[in-house]
Amino acid sequence: NDFIENSLTKPIISIPLPQSSENTFVYFDRYDVTPDGSLLVVPIPTSIEGDYNKSEFILWNITTAELIATLEFNPVIGIGGYDSHPDPEYYFAFSPDSQTLAYINEKNNITLIDLNTFQTRDIDVEDEYVARYLAYNHDGSQILITNAKSIQMISVASGNIVWTYP
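### With respect to the overall build of the chain
Then comes step 1: When you go through the chain residue by residue, the secondary structure sums to zero helices and 14 strands.
Then comes step 2: Taken from N to C terminus, the helices and strands of the chain fall in the order β-β-β-β-β-β-β-β-β-β-β-β-β-β.
Then comes step 3: Accessible surface, the chain: about 9,600 Å² in total, of which carbon and sulfur atoms supply 50%.

### Points about the nonpolar core
Proteins that are soluble and globular tend to have nonpolar side chains buried together.
Then comes step 1: Counting residues in hydrophobic clusters, the biggest one holds 15 residues, and the most contacted among them are A102, I110, L112, L134, Y136, I143 and I145.
Then comes step 2: Of all the secondary structure elements, the ones that give two or more residues to this core are β8 (100–104), β9 (110–114), β11 (131–136) and β12 (142–147).
Then comes step 3: For this core, the element with the highest residue contribution is β11, accounting for three residues.
Then comes step 4: Within the second largest apolar cluster, 13 residues are counted, among which are F57, L59, F94 and I113.

### Topic: the sheet that holds strand β5 (residues 55–61)
Then comes step 1: Strand order in the open sheet formed by four strands is β3-β4-β5-β6, with antiparallel pairing between adjacent strands. In this open sheet, the two strands that pair with only one neighbour each are β3 (32–33) and β6 (67–73).

### Considering the packing of aromatic side chains
Then comes step 1: Applying the stated rule across the entire model yields two aromatic pairs.
Then comes step 2: Considering the side-chain rings of F57 and F92, the 5.3 Å spacing of their centres and the 70° angle between planes classify their relative orientation as edge-to-face. You can see F57 sitting in strand β5 and its partner F92 sitting in strand β7 (residues 92–94), a full 35 residues away along the chain. Like F57, the residue F92 is buried in the burial classification.
Then comes step 3: Ring geometry for F57 versus Y103: centroids 5.5 Å apart, planes at 70°, classification edge-to-face. Taken as a pair, F57 in strand β5 and Y103 in strand β8 lie far apart in primary sequence, 46 residues in all. Both residues of the pair, F57 and Y103, belong to the buried class.
Then comes step 4: Chaining the aromatic ring pairs together yields one cluster made of F57, F92 and Y103.

Cut-off values and rules
Residues numbered from 1 in each chain as written. Predicted model: local features only at pLDDT ≥ 70, side-chain atom pairs only at ≥ 80, totals over all residues. Heavy atoms only, no water. Helix = DSSP H or I, 4+ residues; strand = E, 2+ residues; numbered from the N terminus. Areas by Shrake-Rupley, 256 points an atom, 1.4 Å probe, with all protein chains shown as cover. Core = buried A, V, L, I, M, F, W, Y, C linked by side-chain atoms within 4.5 Å. Buried < 20%, exposed > 50% of the residue type's maximum accessible area, 1.4 Å probe, protein only. Pairing = 2+ DSSP bridges. Phe/Tyr/Trp six-rings, centres within 6.5 Å; stacked < 30°, edge-to-face > 60°.

Next up, the structure:
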(Lines give C-alpha, C1' and ligand atoms only; values in the text may rest on other atoms or scores of the structure.)
Protein backbone atom coordinates (compact mmCIF):
# COMPACT_ATOMS: atom_id res chain seq x y z
CA ASN A 1 0.00 0.00 0.00
CA ASP A 2 2.19 2.78 -1.26
CA PHE A 3 1.38 6.41 -0.76
CA ILE A 4 0.64 8.19 -4.01
CA GLU A 5 0.62 11.95 -4.40
CA ASN A 6 -2.47 13.32 -6.11
CA SER A 7 -2.83 16.66 -7.87
CA LEU A 8 -3.47 18.39 -4.55
CA THR A 9 -0.35 16.77 -3.00
CA LYS A 10 -2.41 14.83 -0.46
CA PRO A 11 -1.25 11.26 0.19
CA ILE A 12 -3.71 8.57 -0.88
CA ILE A 13 -3.81 5.05 0.56
CA SER A 14 -6.31 2.29 -0.06
CA ILE A 15 -7.63 1.05 3.28
CA PRO A 16 -10.67 -1.03 4.20
CA LEU A 17 -13.67 0.49 5.95
CA PRO A 18 -15.04 -1.40 8.95
CA GLN A 19 -17.79 -3.94 8.22
CA SER A 20 -20.23 -2.03 10.42
CA SER A 21 -19.59 1.31 8.73
CA GLU A 22 -22.44 2.73 6.71
CA ASN A 23 -20.09 5.28 5.18
CA THR A 24 -19.01 4.64 1.63
CA PHE A 25 -16.83 7.75 1.48
CA VAL A 26 -14.27 9.01 3.96
CA TYR A 27 -13.18 12.62 3.74
CA PHE A 28 -9.41 12.35 4.22
CA ASP A 29 -8.73 16.01 4.89
CA ARG A 30 -9.63 14.97 8.42
CA TYR A 31 -6.93 12.58 9.57
CA ASP A 32 -3.80 12.32 11.65
CA VAL A 33 -0.85 9.97 11.90
CA THR A 34 0.90 8.98 15.13
CA PRO A 35 4.28 10.66 15.63
CA ASP A 36 5.99 7.28 15.21
CA GLY A 37 4.21 6.83 11.86
CA SER A 38 2.51 3.57 12.81
CA LEU A 39 -1.20 4.47 12.99
CA LEU A 40 -3.62 6.50 10.92
CA VAL A 41 -6.80 7.88 12.52
CA VAL A 42 -9.79 9.25 10.63
CA PRO A 43 -12.85 10.70 12.36
CA ILE A 44 -16.02 9.63 10.53
CA PRO A 45 -19.49 11.01 11.26
CA THR A 46 -21.84 8.07 11.81
CA SER A 47 -25.03 9.99 12.43
CA ILE A 48 -27.90 10.47 10.06
CA GLU A 49 -29.48 13.81 9.10
CA GLY A 50 -26.68 16.13 10.17
CA ASP A 51 -26.25 15.20 13.84
CA TYR A 52 -22.56 16.09 14.14
CA ASN A 53 -22.41 14.73 17.68
CA LYS A 54 -22.12 11.06 16.62
CA SER A 55 -18.83 9.89 15.19
CA GLU A 56 -16.22 7.13 15.15
CA PHE A 57 -12.46 7.18 15.12
CA ILE A 58 -11.21 4.57 12.66
CA LEU A 59 -7.62 3.44 13.34
CA TRP A 60 -5.43 1.61 10.84
CA ASN A 61 -1.92 0.25 10.88
CA ILE A 62 -0.23 2.28 8.15
CA THR A 63 2.31 -0.36 7.14
CA THR A 64 -0.19 -3.18 6.67
CA ALA A 65 -3.40 -1.14 6.09
CA GLU A 66 -4.95 -3.42 8.73
CA LEU A 67 -7.99 -2.06 10.55
CA ILE A 68 -6.97 -1.81 14.23
CA ALA A 69 -10.09 -0.40 15.90
CA THR A 70 -13.32 1.50 15.52
CA LEU A 71 -13.87 3.76 18.51
CA GLU A 72 -17.09 5.67 19.13
CA PHE A 73 -16.66 9.29 20.13
CA ASN A 74 -18.88 12.31 20.53
CA PRO A 75 -17.08 15.52 19.57
CA VAL A 76 -17.76 18.85 21.19
CA ILE A 77 -20.59 20.86 19.63
CA GLY A 78 -21.35 24.51 20.26
CA ILE A 79 -24.73 26.13 20.17
CA GLY A 80 -25.23 28.01 16.90
CA GLY A 81 -22.81 30.11 14.92
CA TYR A 82 -19.11 29.37 14.68
CA ASP A 83 -19.08 26.54 17.23
CA SER A 84 -21.97 24.55 15.77
CA HIS A 85 -19.92 22.88 13.00
CA PRO A 86 -16.69 21.54 14.46
CA ASP A 87 -13.59 20.92 12.41
CA PRO A 88 -12.58 17.48 13.75
CA GLU A 89 -8.89 17.80 12.90
CA TYR A 90 -8.50 20.38 15.66
CA TYR A 91 -10.41 18.35 18.22
CA PHE A 92 -8.03 15.41 18.52
CA ALA A 93 -4.29 14.77 18.79
CA PHE A 94 -1.85 11.94 19.38
CA SER A 95 0.57 12.07 22.28
CA PRO A 96 4.24 12.43 21.27
CA ASP A 97 4.91 8.81 22.31
CA SER A 98 2.06 7.60 20.03
CA GLN A 99 0.40 5.78 22.95
CA THR A 100 -2.63 8.04 23.55
CA LEU A 101 -5.29 9.73 21.45
CA ALA A 102 -6.86 12.79 23.08
CA TYR A 103 -10.01 14.56 21.94
CA ILE A 104 -12.44 17.22 23.13
CA ASN A 105 -15.69 15.45 23.96
CA GLU A 106 -19.32 16.57 23.85
CA LYS A 107 -19.10 17.86 27.44
CA ASN A 108 -16.20 20.13 26.48
CA ASN A 109 -13.78 17.94 28.46
CA ILE A 110 -10.72 16.05 27.29
CA THR A 111 -11.00 12.29 26.74
CA LEU A 112 -7.76 10.29 26.63
CA ILE A 113 -7.80 6.91 24.85
CA ASP A 114 -4.97 4.49 25.62
CA LEU A 115 -4.12 3.03 22.19
CA ASN A 116 -2.90 -0.26 23.67
CA THR A 117 -5.93 -1.08 25.85
CA PHE A 118 -8.53 1.35 24.43
CA GLN A 119 -9.38 2.36 28.01
CA THR A 120 -10.52 5.97 28.37
CA ARG A 121 -10.00 8.64 31.00
CA ASP A 122 -11.63 12.06 31.11
CA ILE A 123 -10.03 15.30 32.24
CA ASP A 124 -12.56 17.91 33.34
CA VAL A 125 -12.08 21.27 31.69
CA GLU A 126 -13.80 23.86 33.83
CA ASP A 127 -14.62 26.44 31.20
CA GLU A 128 -17.94 27.70 29.89
CA TYR A 129 -16.57 28.38 26.39
CA VAL A 130 -16.38 25.63 23.75
CA ALA A 131 -12.81 24.46 23.19
CA ARG A 132 -11.63 25.04 19.61
CA TYR A 133 -8.19 23.42 19.50
CA LEU A 134 -6.23 20.71 21.32
CA ALA A 135 -2.52 19.86 21.16
CA TYR A 136 0.09 18.08 23.28
CA ASN A 137 3.27 19.77 24.46
CA HIS A 138 6.66 18.37 23.35
CA ASP A 139 6.88 15.60 25.99
CA GLY A 140 3.17 14.74 26.30
CA SER A 141 2.90 15.81 29.93
CA GLN A 142 0.52 18.66 29.16
CA ILE A 143 -2.31 19.44 26.75
CA LEU A 144 -3.02 22.89 25.42
CA ILE A 145 -6.62 23.85 24.64
CA THR A 146 -7.95 27.10 23.27
CA ASN A 147 -11.37 28.66 23.00
CA ALA A 148 -12.78 32.05 22.08
CA LYS A 149 -11.79 33.50 25.44
CA SER A 150 -8.62 31.82 26.71
CA ILE A 151 -5.70 29.43 26.31
CA GLN A 152 -5.15 26.75 28.95
CA MET A 153 -2.33 24.31 29.59
CA ILE A 154 -3.54 21.23 31.48
CA SER A 155 -1.48 18.54 33.20
CA VAL A 156 -2.20 15.10 31.70
CA ALA A 157 -1.25 13.31 34.95
CA SER A 158 -3.33 15.37 37.39
CA GLY A 159 -5.88 17.06 35.16
CA ASN A 160 -5.06 20.36 36.85
CA ILE A 161 -4.70 23.63 34.99
CA VAL A 162 -1.01 24.53 34.80
CA TRP A 163 -1.66 28.03 33.45
CA THR A 164 -4.34 30.09 31.74
CA TYR A 165 -4.06 33.14 29.48
CA PRO A 166 -5.57 35.65 30.01
